[in-house]
Amino acid sequence: MQEILNTYIIPVLFILGKILLVVVPLIVCVALLTLMERKVIAAMQLRKGPNVVGLFGFLQPFADGLKLLLKETVLPTKSNKVIFILAPMLTFGLALLGWAVIPVSQNFVIANINVGVLYLFAISSLGVYGIIMAGWASNSKYAFLGAIRSAAQMVSYEVSIGFVIVTVMIMVGSLNLTDIVNAQKGGIAHWHASGILFPMLIIFFISALAETNRHPFDLPEAEGELVAGYNVEYSSMTFALFFLGEYANMILMSGMTSVLFLGGWWSPINTPFFNAIPGVLWFVVKILLLLFVFIWVRATLPRYRYDQLMRLGWKIFLPVSLLWVVIISGYVVYYR
(Lines give C-alpha, C1' and ligand atoms only; values in the text may rest on other atoms or scores of the structure.)
Protein backbone atom coordinates (compact mmCIF):
# COMPACT_ATOMS: atom_id res chain seq x y z
CA MET A 1 0.00 0.00 0.00
CA GLN A 2 2.84 2.39 0.90
CA GLU A 3 4.53 1.62 -2.42
CA ILE A 4 1.34 2.41 -4.36
CA LEU A 5 0.97 5.62 -2.38
CA ASN A 6 4.54 6.74 -3.12
CA THR A 7 4.56 5.59 -6.75
CA TYR A 8 1.14 6.67 -8.00
CA ILE A 9 -1.06 8.66 -5.62
CA ILE A 10 1.42 11.26 -4.27
CA PRO A 11 2.88 12.17 -7.73
CA VAL A 12 -0.65 12.53 -9.15
CA LEU A 13 -1.72 14.76 -6.25
CA PHE A 14 1.46 16.82 -6.70
CA ILE A 15 0.73 17.36 -10.40
CA LEU A 16 -2.93 18.22 -9.66
CA GLY A 17 -1.77 20.76 -7.08
CA LYS A 18 0.55 22.42 -9.64
CA ILE A 19 -2.28 22.53 -12.18
CA LEU A 20 -4.64 24.16 -9.68
CA LEU A 21 -1.95 26.72 -8.75
CA VAL A 22 -1.98 27.86 -12.40
CA VAL A 23 -5.59 27.32 -13.48
CA VAL A 24 -7.42 28.90 -10.51
CA PRO A 25 -5.51 32.22 -10.59
CA LEU A 26 -5.80 32.19 -14.39
CA ILE A 27 -9.61 31.94 -14.31
CA VAL A 28 -9.77 34.75 -11.74
CA CYS A 29 -7.42 36.84 -13.91
CA VAL A 30 -9.64 36.23 -16.96
CA ALA A 31 -12.60 37.65 -15.02
CA LEU A 32 -10.59 40.65 -13.81
CA LEU A 33 -9.21 41.25 -17.31
CA THR A 34 -12.73 42.02 -18.52
CA LEU A 35 -12.96 44.67 -15.78
CA MET A 36 -9.51 46.02 -16.65
CA GLU A 37 -10.49 46.34 -20.31
CA ARG A 38 -13.70 48.20 -19.54
CA LYS A 39 -11.94 50.51 -17.08
CA VAL A 40 -9.02 51.30 -19.39
CA ILE A 41 -11.21 51.96 -22.43
CA ALA A 42 -13.53 54.10 -20.27
CA ALA A 43 -10.54 56.18 -19.12
CA MET A 44 -9.34 56.60 -22.71
CA GLN A 45 -12.84 57.74 -23.73
CA LEU A 46 -13.27 59.98 -20.65
CA ARG A 47 -15.94 57.78 -19.09
CA LYS A 48 -16.17 56.13 -15.67
CA GLY A 49 -16.74 52.53 -16.66
CA PRO A 50 -18.18 49.96 -14.21
CA ASN A 51 -18.36 51.59 -10.76
CA VAL A 52 -21.55 50.32 -9.07
CA VAL A 53 -21.15 46.61 -8.26
CA GLY A 54 -18.59 46.42 -5.46
CA LEU A 55 -15.85 48.91 -4.61
CA PHE A 56 -14.86 50.74 -7.84
CA GLY A 57 -16.86 48.14 -9.79
CA PHE A 58 -14.53 45.33 -8.68
CA LEU A 59 -17.33 42.74 -8.47
CA GLN A 60 -18.81 43.59 -11.88
CA PRO A 61 -17.15 40.62 -13.71
CA PHE A 62 -18.47 38.19 -11.12
CA ALA A 63 -21.98 39.68 -11.39
CA ASP A 64 -21.79 39.29 -15.19
CA GLY A 65 -20.62 35.70 -14.81
CA LEU A 66 -23.48 34.89 -12.42
CA LYS A 67 -25.97 36.47 -14.81
CA LEU A 68 -24.72 34.32 -17.72
CA LEU A 69 -24.70 31.21 -15.53
CA LEU A 70 -28.37 31.70 -14.57
CA LYS A 71 -29.62 32.38 -18.09
CA GLU A 72 -31.24 29.67 -20.21
CA THR A 73 -29.02 27.81 -22.67
CA VAL A 74 -30.83 28.05 -26.02
CA LEU A 75 -30.06 25.23 -28.47
CA PRO A 76 -31.06 25.96 -32.12
CA THR A 77 -33.64 23.45 -33.36
CA LYS A 78 -31.68 22.11 -36.34
CA SER A 79 -28.22 22.40 -34.81
CA ASN A 80 -25.90 19.50 -34.07
CA LYS A 81 -26.37 19.80 -30.33
CA VAL A 82 -23.38 17.70 -29.19
CA ILE A 83 -20.84 19.58 -31.32
CA PHE A 84 -22.64 22.85 -30.58
CA ILE A 85 -21.92 22.43 -26.85
CA LEU A 86 -18.47 20.89 -27.28
CA ALA A 87 -17.14 23.79 -29.40
CA PRO A 88 -16.95 26.45 -26.64
CA MET A 89 -15.63 23.87 -24.18
CA LEU A 90 -12.83 23.01 -26.62
CA THR A 91 -11.98 26.68 -27.19
CA PHE A 92 -11.72 27.46 -23.49
CA GLY A 93 -9.95 24.20 -22.67
CA LEU A 94 -7.19 24.77 -25.22
CA ALA A 95 -6.55 28.25 -23.81
CA LEU A 96 -5.85 26.62 -20.43
CA LEU A 97 -3.83 23.69 -21.84
CA GLY A 98 -1.22 26.01 -23.31
CA TRP A 99 -0.09 26.97 -19.80
CA ALA A 100 1.17 23.44 -19.15
CA VAL A 101 4.60 24.33 -20.59
CA ILE A 102 4.81 28.07 -19.81
CA PRO A 103 7.50 28.60 -17.12
CA VAL A 104 5.99 30.99 -14.58
CA SER A 105 9.22 31.30 -12.56
CA GLN A 106 12.63 29.69 -12.42
CA ASN A 107 11.39 26.82 -10.27
CA PHE A 108 7.77 26.49 -11.34
CA VAL A 109 6.41 25.00 -14.54
CA ILE A 110 3.78 22.28 -14.77
CA ALA A 111 5.62 20.27 -17.46
CA ASN A 112 9.22 21.23 -18.22
CA ILE A 113 9.41 19.23 -21.46
CA ASN A 114 12.19 19.58 -24.03
CA VAL A 115 9.71 20.12 -26.87
CA GLY A 116 7.64 22.89 -25.24
CA VAL A 117 7.72 24.97 -28.44
CA LEU A 118 6.23 22.09 -30.46
CA TYR A 119 3.55 21.65 -27.79
CA LEU A 120 2.55 25.32 -28.16
CA PHE A 121 2.49 24.89 -31.96
CA ALA A 122 0.08 21.97 -31.56
CA ILE A 123 -2.20 23.78 -29.08
CA SER A 124 -2.39 26.96 -31.19
CA SER A 125 -3.18 25.00 -34.35
CA LEU A 126 -6.04 23.17 -32.60
CA GLY A 127 -7.71 26.44 -31.60
CA VAL A 128 -9.29 26.86 -35.02
CA TYR A 129 -11.30 23.63 -34.61
CA GLY A 130 -13.50 25.04 -31.84
CA ILE A 131 -14.55 27.98 -34.02
CA ILE A 132 -15.15 25.82 -37.12
CA MET A 133 -17.23 23.40 -35.01
CA ALA A 134 -19.27 26.28 -33.58
CA GLY A 135 -20.02 27.81 -36.99
CA TRP A 136 -20.94 24.50 -38.61
CA ALA A 137 -22.95 23.06 -35.71
CA SER A 138 -25.07 26.24 -35.34
CA ASN A 139 -26.74 25.56 -38.72
CA SER A 140 -26.77 29.31 -39.40
CA LYS A 141 -25.40 31.09 -42.46
CA TYR A 142 -24.14 34.01 -40.36
CA ALA A 143 -22.35 31.74 -37.89
CA PHE A 144 -20.86 29.68 -40.73
CA LEU A 145 -19.56 32.78 -42.55
CA GLY A 146 -18.03 34.05 -39.32
CA ALA A 147 -16.37 30.68 -38.70
CA ILE A 148 -14.89 30.58 -42.21
CA ARG A 149 -13.48 34.09 -41.86
CA SER A 150 -12.06 33.32 -38.45
CA ALA A 151 -10.49 30.03 -39.58
CA ALA A 152 -8.83 31.68 -42.59
CA GLN A 153 -7.55 34.50 -40.39
CA MET A 154 -6.16 32.23 -37.69
CA VAL A 155 -4.47 29.86 -40.15
CA SER A 156 -2.91 32.79 -42.03
CA TYR A 157 -1.32 34.32 -38.96
CA GLU A 158 -0.32 30.99 -37.42
CA VAL A 159 2.20 30.66 -40.25
CA SER A 160 3.89 33.93 -39.29
CA ILE A 161 3.83 33.04 -35.59
CA GLY A 162 5.44 29.71 -36.42
CA PHE A 163 8.35 31.27 -38.31
CA VAL A 164 8.84 33.88 -35.58
CA ILE A 165 9.15 31.13 -32.95
CA VAL A 166 11.57 29.28 -35.26
CA THR A 167 13.88 32.34 -35.26
CA VAL A 168 13.91 32.34 -31.45
CA MET A 169 14.49 28.59 -31.41
CA ILE A 170 17.47 28.91 -33.78
CA MET A 171 18.91 31.78 -31.74
CA VAL A 172 18.77 29.79 -28.48
CA GLY A 173 19.36 26.32 -29.91
CA SER A 174 16.65 24.67 -27.82
CA LEU A 175 12.94 23.80 -27.92
CA ASN A 176 12.70 24.07 -24.13
CA LEU A 177 10.94 27.24 -22.99
CA THR A 178 12.94 27.38 -19.75
CA ASP A 179 16.16 27.39 -21.79
CA ILE A 180 14.76 30.20 -23.95
CA VAL A 181 14.10 32.31 -20.84
CA ASN A 182 17.49 31.52 -19.29
CA ALA A 183 19.20 32.63 -22.52
CA GLN A 184 17.86 36.14 -21.79
CA LYS A 185 19.29 36.40 -18.26
CA GLY A 186 21.20 39.56 -17.41
CA GLY A 187 18.83 42.47 -17.89
CA ILE A 188 17.03 44.16 -20.73
CA ALA A 189 20.15 44.32 -22.92
CA HIS A 190 20.12 40.51 -23.17
CA TRP A 191 16.44 40.16 -24.03
CA HIS A 192 15.63 39.01 -27.55
CA ALA A 193 13.49 42.13 -27.95
CA SER A 194 16.62 44.28 -27.58
CA GLY A 195 18.59 42.74 -30.43
CA ILE A 196 18.25 41.35 -33.91
CA LEU A 197 14.91 39.72 -33.04
CA PHE A 198 13.10 43.00 -32.33
CA PRO A 199 11.22 42.96 -35.71
CA MET A 200 10.04 39.45 -34.83
CA LEU A 201 8.58 40.77 -31.57
CA ILE A 202 6.50 43.28 -33.56
CA ILE A 203 5.31 40.62 -36.02
CA PHE A 204 4.58 38.16 -33.20
CA PHE A 205 2.50 40.64 -31.21
CA ILE A 206 0.48 41.85 -34.21
CA SER A 207 -0.07 38.21 -35.24
CA ALA A 208 -1.21 37.50 -31.66
CA LEU A 209 -3.87 40.21 -32.09
CA ALA A 210 -5.12 38.44 -35.21
CA GLU A 211 -4.85 34.99 -33.63
CA THR A 212 -7.04 36.04 -30.70
CA ASN A 213 -9.54 37.89 -32.95
CA ARG A 214 -8.80 41.22 -31.27
CA HIS A 215 -8.90 44.75 -32.70
CA PRO A 216 -8.02 45.73 -35.34
CA PHE A 217 -8.46 42.16 -36.59
CA ASP A 218 -11.82 41.30 -35.00
CA LEU A 219 -13.49 40.57 -38.34
CA PRO A 220 -15.01 37.23 -37.20
CA GLU A 221 -17.02 39.19 -34.62
CA ALA A 222 -17.86 42.11 -36.92
CA GLU A 223 -21.27 43.00 -35.52
CA GLY A 224 -22.17 45.32 -38.42
CA GLU A 225 -21.80 42.77 -41.20
CA LEU A 226 -21.98 39.33 -39.56
CA VAL A 227 -24.21 39.80 -36.52
CA ALA A 228 -21.44 38.73 -34.09
CA GLY A 229 -20.03 35.97 -36.33
CA TYR A 230 -19.49 32.34 -35.33
CA ASN A 231 -20.99 32.72 -31.82
CA VAL A 232 -24.24 34.38 -32.90
CA GLU A 233 -26.41 31.41 -31.88
CA TYR A 234 -24.83 30.98 -28.45
CA SER A 235 -26.27 32.09 -25.12
CA SER A 236 -25.68 31.80 -21.37
CA MET A 237 -22.60 29.76 -20.33
CA THR A 238 -21.85 28.47 -23.85
CA PHE A 239 -21.40 32.08 -24.97
CA ALA A 240 -19.48 32.87 -21.78
CA LEU A 241 -16.99 30.06 -22.54
CA PHE A 242 -16.16 31.64 -25.92
CA PHE A 243 -15.80 34.98 -24.20
CA LEU A 244 -13.56 33.52 -21.48
CA GLY A 245 -11.57 31.59 -24.10
CA GLU A 246 -10.76 34.81 -25.97
CA TYR A 247 -9.49 36.52 -22.84
CA ALA A 248 -7.59 33.42 -21.68
CA ASN A 249 -5.90 33.33 -25.10
CA MET A 250 -4.93 36.99 -24.66
CA ILE A 251 -3.19 36.12 -21.38
CA LEU A 252 -1.55 33.04 -22.97
CA MET A 253 -0.23 35.07 -25.92
CA SER A 254 1.08 37.73 -23.53
CA GLY A 255 2.82 35.01 -21.52
CA MET A 256 4.37 33.56 -24.69
CA THR A 257 5.57 37.02 -25.75
CA SER A 258 7.17 37.51 -22.35
CA VAL A 259 8.89 34.12 -22.47
CA LEU A 260 10.15 34.44 -26.05
CA PHE A 261 11.21 38.09 -26.16
CA LEU A 262 11.00 39.87 -22.79
CA GLY A 263 13.08 37.68 -20.51
CA GLY A 264 10.25 35.77 -18.83
CA TRP A 265 10.73 35.93 -15.08
CA TRP A 266 14.10 37.77 -15.21
CA SER A 267 14.22 41.39 -14.04
CA PRO A 268 14.87 44.13 -16.65
CA ILE A 269 17.72 45.63 -14.60
CA ASN A 270 20.51 43.35 -13.39
CA THR A 271 21.05 44.77 -9.90
CA PRO A 272 20.73 43.09 -6.45
CA PHE A 273 17.63 45.16 -5.62
CA PHE A 274 15.68 44.23 -8.77
CA ASN A 275 16.95 40.63 -8.73
CA ALA A 276 15.57 40.26 -5.18
CA ILE A 277 12.01 40.77 -6.48
CA PRO A 278 10.36 37.34 -7.06
CA GLY A 279 10.53 36.19 -10.68
CA VAL A 280 6.82 35.40 -10.83
CA LEU A 281 6.09 39.06 -10.04
CA TRP A 282 8.21 40.23 -12.98
CA PHE A 283 6.41 37.71 -15.19
CA VAL A 284 3.00 39.04 -14.10
CA VAL A 285 4.07 42.68 -14.61
CA LYS A 286 5.21 41.96 -18.17
CA ILE A 287 1.93 40.17 -18.95
CA LEU A 288 -0.07 43.11 -17.55
CA LEU A 289 1.87 45.57 -19.72
CA LEU A 290 1.22 43.48 -22.83
CA LEU A 291 -2.47 43.16 -21.94
CA PHE A 292 -2.62 46.93 -21.61
CA VAL A 293 -1.32 47.20 -25.18
CA PHE A 294 -4.03 44.73 -26.30
CA ILE A 295 -6.65 47.05 -24.77
CA TRP A 296 -4.93 50.23 -25.99
CA VAL A 297 -5.04 48.93 -29.57
CA ARG A 298 -8.76 48.19 -29.23
CA ALA A 299 -9.47 51.72 -27.99
CA THR A 300 -7.39 53.36 -30.72
CA LEU A 301 -7.40 51.58 -34.08
CA PRO A 302 -10.28 51.01 -36.53
CA ARG A 303 -11.05 47.55 -37.90
CA TYR A 304 -9.13 46.31 -40.95
CA ARG A 305 -10.92 45.28 -44.11
CA TYR A 306 -10.66 41.56 -44.82
CA ASP A 307 -8.45 42.01 -47.89
CA GLN A 308 -6.11 44.26 -45.89
CA LEU A 309 -5.88 41.65 -43.14
CA MET A 310 -4.95 38.89 -45.62
CA ARG A 311 -2.50 41.12 -47.48
CA LEU A 312 -0.70 41.97 -44.24
CA GLY A 313 -0.41 38.31 -43.25
CA TRP A 314 0.62 36.76 -46.56
CA LYS A 315 2.46 39.57 -48.40
CA ILE A 316 4.27 41.29 -45.53
CA PHE A 317 4.54 39.16 -42.38
CA LEU A 318 5.24 35.83 -44.12
CA PRO A 319 8.09 37.09 -46.39
CA VAL A 320 9.67 39.13 -43.57
CA SER A 321 9.54 36.26 -41.08
CA LEU A 322 10.98 33.87 -43.69
CA LEU A 323 13.77 36.35 -44.44
CA TRP A 324 14.52 36.63 -40.72
CA VAL A 325 14.82 32.84 -40.42
CA VAL A 326 17.55 33.00 -43.08
CA ILE A 327 19.24 36.01 -41.42
CA ILE A 328 19.21 34.43 -37.95
CA SER A 329 20.49 31.12 -39.35
CA GLY A 330 23.40 32.92 -41.05
CA TYR A 331 24.11 34.91 -37.89
CA VAL A 332 24.24 31.76 -35.75
CA VAL A 333 26.47 29.92 -38.24
CA TYR A 334 29.03 32.70 -38.80
CA TYR A 335 29.11 34.58 -35.48
CA ARG A 336 28.63 31.85 -32.89
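Described in the following lines is the structure provided in the data block. (Residues numbered from 1 in each chain as written. Predicted model: local features only at pLDDT ≥ 70, side-chain atom pairs only at ≥ 80, totals over all residues. Heavy atoms only, no water.)

1. Observations concerning the overall build of the protein chain
- A tally of regular secondary structure across the protein chain gives twelve helices and zero strands.
- Reading the secondary structure of the protein chain in the N-to-C direction produces α-α-α-α-α-α-α-α-α-α-α-α.
- Computed over C-alpha atoms, the radius of gyration of the protein chain comes to 21 Å, within 12% of the 20 Å expected from 2.2 N^0.38 for 336 residues, which places it in the range of a compact globule.
- Over its C-alpha atoms, taken along the principal directions, the protein chain stretches across nearly 60 × 60 × 45 Å.
- Classification of the 336 residues of the protein chain by burial places 46% in the buried group.
- Expressed as a percentage of contacts within the protein chain between residues at least 6 apart in sequence, the contacts between residues at least 24 apart total 78%.
- Split by element, the accessible area of the protein chain, about 16,700 Å² in all, is 72% carbon and sulfur.
- Between the averaged position of the 20 positive side-chain charges in the protein chain and that of its 14 negative side-chain charges there is a distance of 6 Å. (Helix = DSSP H or I, 4+ residues; strand = E, 2+ residues; numbered from the N terminus. Rg over C-alpha atoms; globule rule 2.2 N^0.38 Å. Buried < 20%, exposed > 50% of the residue type's maximum accessible area, 1.4 Å probe, protein only. Contact = heavy atoms within 4.5 Å. Areas by Shrake-Rupley, 256 points an atom, 1.4 Å probe, with all protein chains shown as cover. Lys, Arg positive; Asp, Glu negative; His and termini not counted. Charge placed at Lys NZ, Arg CZ, Asp CG, Glu CD.)

2. Overview of the pattern of salt bridges
- Going through the model one piece at a time under the given rule, you end up with six salt bridges.
- The shortest N-O distance in the salt bridge between Asp64 and Arg38 comes to 3.1 Å. Taken together, the residues Asp64 in helix H2 (residues 60-70) and Arg38 in helix H1 (residues 2-44) connect sequence positions 26 residues apart.
- For Asp64, a relative accessible area of 23% gives the class partly exposed.
- On the accessibility criterion, Arg38 (38% relative accessible area) is partly exposed.
- One network of salt bridges, in which partners are shared, links Glu37, Arg214, Glu246 and Arg298. (Salt bridge = Lys/Arg side-chain N within 4 Å of Asp/Glu carboxyl O.)

3. A few points about unusual backbone geometry
- Cis geometry marks the peptide bond from His215 to Pro216, where omega comes out at 0°.
- Here Pro216 is to be found in the loop between helix H7 (198-211) and helix H8 (223-226).
- Look at Phe56: it is not a glycine, yet its phi comes out positive at around 55°.
- Mapped onto the elements of the fold, Phe56 is located in the loop between H1 and H2.

4. Concerning the packing of helix H5 (residues 141-172) against helix H9 (residues 236-261)
- Where H5 meets H9, the closest approach of the two axes is 10 Å, and the angle between their N-to-C directions is 30°. The orientation of H5 relative to H9 falls into the category roughly parallel. For the pair H5 and H9, the crossing hand works out as left-handed. Residues Ile161, Val164, Ile165 and Val168 of H5 pack against Met253, Met256, Leu260 and Phe261 of H9.
- Residues belonging to the contact of H5 with H9 are distributed by class as follows: eight nonpolar, no polar and no charged. (Axes fitted to C-alpha atoms, helices over the stretch in contact; angles between N-to-C directions. Parallel < 35°, antiparallel > 145°, perpendicular 65-115°, else oblique. Left-handed = near helix turned anticlockwise from the far one by under 90°. Nonpolar A, V, L, I, M, F, W, Y, C, P; charged D, E, K, R; others polar.)

5. Here's the deal with the packing of aromatic side chains
- Per the counting criterion, the structure on display carries twelve aromatic pairs.
- With 5.1 Å between their ring centres and 65° between their planes, Phe205 and Phe294 make a pair best called edge-to-face. Here the residue Phe205 occupies a position in helix H7, and Phe294 occupies one in helix H11 (residues 279-300), the gap between them amounting to 89 residues. One exposure class covers both Phe205 and Phe294, and it is buried. (Phe/Tyr/Trp six-rings, centres within 6.5 Å; stacked < 30°, edge-to-face > 60°.)

6. Structural notes on the environment of Leu126
- You can see Leu126 is positioned in helix H4 (residues 116-137).
- On the basis of relative accessible area, Leu126 is assigned to the partly exposed category, the value being 37%.

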